[in-house]
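# Observations on chain architecture
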Amino acid sequence: AYPLRGHMLEKGFEKGKKQKLQDFYIDLGSDHRLFNGAHVDVYTVKRIAGRIARQHIGSAKVLEVQGNDISLCKVLRNGNLIKEAFDRGAEIAIQAY
């Protein structure tokens, strides 16, 4: 059932002088009934005093479901924030709908 929740696995292609993030891989796929064209919200996750705090940092679209538990997503908004969070080792959560 939607929304689906997962995590960013790794960065994909970077482009331009500032190496802006173009795409990335997530741990959701055909086993989760994810489909090409699904929209994805991207969040950083922090644990504070035993609670989970999520901050929305960008959005993407599923370009290609590549397997049971892996899909390629194209960044639609805020690739620089997603790249920065990934590079600093932040936990990055995905919500697909």
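Residues numbered from 1 in each chain as written. Predicted model: local features only at pLDDT ≥ 70, side-chain atom pairs only at ≥ 80, totals over all residues. Heavy atoms only, no water.

Next up on the list: the pairing of strand β1 (residues 4–11). Two strands pair when backbone bridges link them, and β1 and strand β8 (residues 91–96) are joined in this way by four bridges, in the antiparallel orientation. Following the sheet pairing, H7 is matched in β8 by A93. Summarising the sheet, β1 and strand β4 (residues 23–26) pair through three bridges and their orientation is antiparallel. When the bridges of β4 are listed, M8 appears paired with I26. (Pairing = 2+ DSSP bridges. Helix = DSSP H or I, 4+ residues; strand = E, 2+ residues; numbered from the N terminus.)

Now for the sheet that holds β1. The antiparallel closed barrel is built from six strands, whose spatial order is β1-β4-β7-β6-β5-β8. The mean inter-strand angle of the sheet, taken between neighbouring strand axes irrespective of direction, is 45°. Of the strand pairs in this sheet, strand β5 (residues 39–48) and β8 are connected by six bridges, and their pairing is antiparallel. Considered in β8, the bridge of Y43 is made with A93. Those strands touched by helix α1 (residues 79–87) are β1, β4, β5, β6 (51–67), β7 (70–77) and β8, and its axis lies near 80° from that of β1. (Axes fitted to C-alpha atoms, helices over the stretch in contact; angles between N-to-C directions. Contact = heavy atoms within 4.5 Å.)

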